[in-house]
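In case you want the letters, here they are:
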Amino acid sequence: QVQLVESGGGLVQAGGSLRLSCAASGSIFRIDSMGWYRQASGKQRELVAYFTAVGPTNYADSVKGRFTISRDDAKNTVYLEMNSLKPEDTAVYYCKGSIVTRFRKPANDYWGQGTQVTVSS
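Source: prediction; values computed, not measured.

J.: Give me the packing of aromatic side chains: which residues, what numbers.
T.: With the rule as written, the count across this model stands at three aromatic pairs. An aromatic cluster of three or more residues is present, and its members are Tyr37, Tyr94 and Trp111. Directly above the ring of Tyr94 sits Arg45, whose terminal nitrogen or CZ lies 3.7 Å from the centroid. For Arg45, the ring lying beneath its charged end belongs to Trp111, and the centroid distance is 4.6 Å.

J.: Please give an account of the state of the cysteines that cites residues and values.
T.: Enumeration over the complete set of coordinates arrives at one disulfide. Bridging Cys22 to Cys95, the disulfide has an S-S length of 2.1 Å. Negative torsions about the S-S bond denote left-handed disulfides, and the value of about -80 degrees found for Cys22 with Cys95 makes this one left-handed. Residue Cys22 is found in strand β3 (residues 18–26), and its partner Cys95 is found in strand β9 (residues 91–100); the two are separated by 73 residues along the sequence. Note on Cys22: relative accessible area 0%, which makes it buried.

The rules behind the values
Residues numbered from 1 in each chain as written. Predicted model: local features only at pLDDT ≥ 70, side-chain atom pairs only at ≥ 80, totals over all residues. Heavy atoms only, no water. Phe/Tyr/Trp six-rings, centres within 6.5 Å; stacked < 30°, edge-to-face > 60°. Lys NZ or Arg CZ within 6 Å of the ring centre and 35° of its normal. Disulfide = S-S within 2.5 Å. Helix = DSSP H or I, 4+ residues; strand = E, 2+ residues; numbered from the N terminus. Buried < 20%, exposed > 50% of the residue type's maximum accessible area, 1.4 Å probe, protein only.

Now the structure itself:
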């Protein structure tokens, strides 16, 4: 089984910064992609940023130039550096990984439990 654990959320004033971390652990053979989604109260979950094993990183238009996704393959960890935060960035942020647990098996999607980010105006 695979677990994704997020950390780093909190309360910050508009214009401030936060760094989220997501560590994957368990029976990991290969990580095909990892990324961040968010869900604001009363809204649908939306993609924030993600990377794939072979392609470029991708960002939602609303966060381009402000957020940066990075990873540490040795630690199976992905980070989200969030700068110039706005009140509309307030949401629960979820980590998602498409992870292969055994050789020649397809990847499955795994989600973290979420971490709250609140940006005050």
